[in-house]
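Structural overview
So the chains spell out like this:
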Amino acid sequence: MHGSRIAAIGHYQPARVLTNEDLAGMVDTSDEWIRTRVGIRTRHIAGPDEPVDELAAHAAAKALAAAGLGPADIDMVLVATSTAIDRSPNTAARVAARLGIPGPAAMDINVVCAGFTHALATADHTIRAGAATRALVIGAEKMTDVADWSDRSTCVLVGDGAGAAVVEACAPGQEPGIGPVLWGSVPEMGHTVRIEGTPPRFAQEGQSVYRWATTRLPAIARQACERAGLAPEELAGVVLHQANLRIIEPLAEKIGAVNAVIARDVTESGNTSAASIPLALSKLVEQGALPTGAPVLLFGFGGNLSYAGQVIHCP
């Protein structure tokens, strides 16, 4: 019942980089068109022999190393993903097997772009309830597996990668490092972002998503701050789902986090769905852009028109 905190974080991206110029040779687009509309310059692309669980395991191994822990210290593995091809074994179980984690609770969580913040809240709640003591929470996606490479409006957006956090119980008397979650969805508008069909393909109604994100979500994000007992101007960082720079910048401005570092990893990584928040946070930590213990708003949104946000203390 003492709450939980993020002890360490790590990330992984495949070696291959796909530039806007590369895409211009594949579909009717250009570097200027992509930068103007979404702000993306590059994205990382996994190869055919790099499944989602491999990306996830690389990020998780880095988080474990940063925390100074081994596989036997973990009793829960949660993987947020919407792009795993196989249903069983699930991605979490495959990650646990790759890392040699003995006997964990292992679950996948599919809330698409809001998956990591949902998984982080689930780990926090589980630890608070006493059902786990230390969890690996991972966001991992291979969006290029579901991309329609003939559709210039969507294929320019996506990238592959993973980010992972070690979440552990706070010591008695220690302030919780993960604030209360604020989450929800607009299920009647779930059709606006889809990964459907056989084979599955990513599609969206971009203008509908843009209007929803920039008009409805700022107030919800501010409520997440209120639940943590903070005003937006007290935030040291804001890590939003890295969907589109034209969504990130106005949303961050409307939240009112005037003193915060704003994650803009979308420019280098594209939209990595559930991986985008831990990937961007890990890079900011690695760069020293956020001090340990600083309050940071994490806010995921998108697929299903779901959202989830919480304020964390930076690892």
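Conventions adopted
- Residues numbered from 1 in each chain as written.
- Predicted model: local features only at pLDDT ≥ 70, side-chain atom pairs only at ≥ 80, totals over all residues.
- Heavy atoms only, no water.
- Helix = DSSP H or I, 4+ residues; strand = E, 2+ residues; numbered from the N terminus.
- Buried < 20%, exposed > 50% of the residue type's maximum accessible area, 1.4 Å probe, protein only.
- Areas by Shrake-Rupley, 256 points an atom, 1.4 Å probe, with all protein chains shown as cover.
- Lys, Arg positive; Asp, Glu negative; His and termini not counted.
- Charge placed at Lys NZ, Arg CZ, Asp CG, Glu CD.
- Pairing = 2+ DSSP bridges.
- Axes fitted to C-alpha atoms, helices over the stretch in contact; angles between N-to-C directions.
- Contact = heavy atoms within 4.5 Å.
- Core = buried A, V, L, I, M, F, W, Y, C linked by side-chain atoms within 4.5 Å.
- Salt bridge = Lys/Arg side-chain N within 4 Å of Asp/Glu carboxyl O.
- Polar contact = N/O pair within 3.5 Å; in protein donor to acceptor, adjacent residues only side chain to side chain.
- Parallel < 35°, antiparallel > 145°, perpendicular 65-115°, else oblique.
- Left-handed = near helix turned anticlockwise from the far one by under 90°.
- Nonpolar A, V, L, I, M, F, W, Y, C, P; charged D, E, K, R; others polar.

**Observations concerning the overall build of the protein chain**
Counting its regular elements, the protein chain contains 11 helices and 14 strands. Counting only C-alpha atoms and orienting by the principal axes, one finds that the protein chain spans roughly 60 × 40 × 40 Å. Taking all 315 residues of the protein chain together, 57% fall into the buried category. On the protein chain, roughly 12,200 Å² of surface is accessible, and the fraction owed to carbon and sulfur atoms is 49%. Of the side chains in the protein chain, 24 bear a positive and 32 a negative charge, and the two mean positions are spaced by 3 Å.

**Things to note about the sheet that holds strand 6 (residues 134-142)**
Sheet architecture is open: five strands sit in the order 1-7-6-4-5, paired in mixed fashion. The sheet is open, and its two edges are formed by strand 1 (4-12) and strand 5 (105-109), each paired on a single side. The mean angle between the axes of side-by-side strands here comes to 15 degrees, regardless of whether they run parallel or antiparallel. As judged from the five bridges shared by strand 4 (residues 76-80) and strand 5, these two strands associate in the parallel manner. Residue Val77 lies in a different strand from strand 5, and its bridge partner there is Ala106. Of the strands in this sheet, strand 4, strand 5 and strand 6 are in contact with helix 4 (residues 91-99), which crosses strand 4 at around 125 degrees.

**A word on the nonpolar core**
Membership of the largest hydrophobic core comes to 47 residues, with the highest contact counts inside it found for Leu217, Leu240, Leu297, Phe299 and Phe301. Elements with a contribution of two residues or more to this core: helix 2 (31-38), helix 7 (206-215), helix 8 (217-227), strand 11 (237-240), helix 9 (245-255), strand 13 (295-301) and strand 14 (306-313). Top element by residues in this core is helix 9. It accounts for six residues. Aside from chain neighbours lying at most four places away, what touches Phe301 is Cys113, Ala114, Trp212, Ala213, Leu217, Leu240, His241, Ala243, Ile247, Leu251, Ser306 and Tyr307. Core analysis: the next-biggest nonpolar cluster, separate from the first, contains 31 residues, Leu120, Ala280, Ile312 and Cys314 among them.

**Observations concerning the side chain of Glu50**
Mapping Glu50 onto the fold places it in the loop between strand 3 (42-45) and helix 3 (52-67). No salt bridge is formed by the buried Glu50, whose closest oppositely charged neighbour, Lys142, lies at an N-O distance of 6.5 Å. A polar contact of 2.6 Å, which involves the side chain of Glu50, links it to the backbone nitrogen of Gly47. Once residues within four sequence positions are removed from consideration, Glu50 is found in contact with Tyr12, Pro14, Ile45, Leu55 and Lys142.

**Here we look at the sheet that holds strand 13**
Strand order in the open sheet made by the five strands is 8-14-13-11-12, with mixed pairing throughout. Of all the strands in the sheet, just strand 8 (182-185) and strand 12 (261-262) have a single pairing partner and so form its edges. Pairing geometry for strand 13 and strand 14, over seven bridges, is antiparallel. Each residue of the ladder has a partner; that of Leu298, found in strand 14, is Gln310.

**Some thoughts on the packing of helix 8 against helix 9**
Relative to each other, helix 8 and helix 9 sit at 50 degrees, their axes nearing to 9 Å. Between helix 8 and helix 9, the angle is such that the two are oblique. Our pair here, helix 8 against helix 9, has a crossing hand that is right-handed. Along its contact with helix 8, which presents Leu217, Pro218, Ala221 and Arg222, the element helix 9 presents Leu251, Lys254 and Ile255. Here the contact of helix 8 with helix 9 is composed, by residue class, of five nonpolar, no polar and two charged.

**Remarks on the pattern of salt bridges**
For the structure on display, the rule yields 13 salt bridges. With a shortest N-O distance of 3.2 Å, Arg128 and Asp124 are connected by a salt bridge. You can see Arg128 and its partner Asp124 sitting in helix 5 (residues 115-128), four residues apart, about one turn around the helix. Note that Asp265 and Lys283 form a salt bridge whose closest N and O atoms lie 2.8 Å from each other. Pair noted here: Asp265 is in the loop between strand 12 and helix 10 (266-269) and Lys283 is in helix 11 (residues 276-287), with a separation of 18 residues, a long-range link. Several salt bridges share partner residues, and in doing so they unite Arg5, Arg134 and Glu168 into one network.

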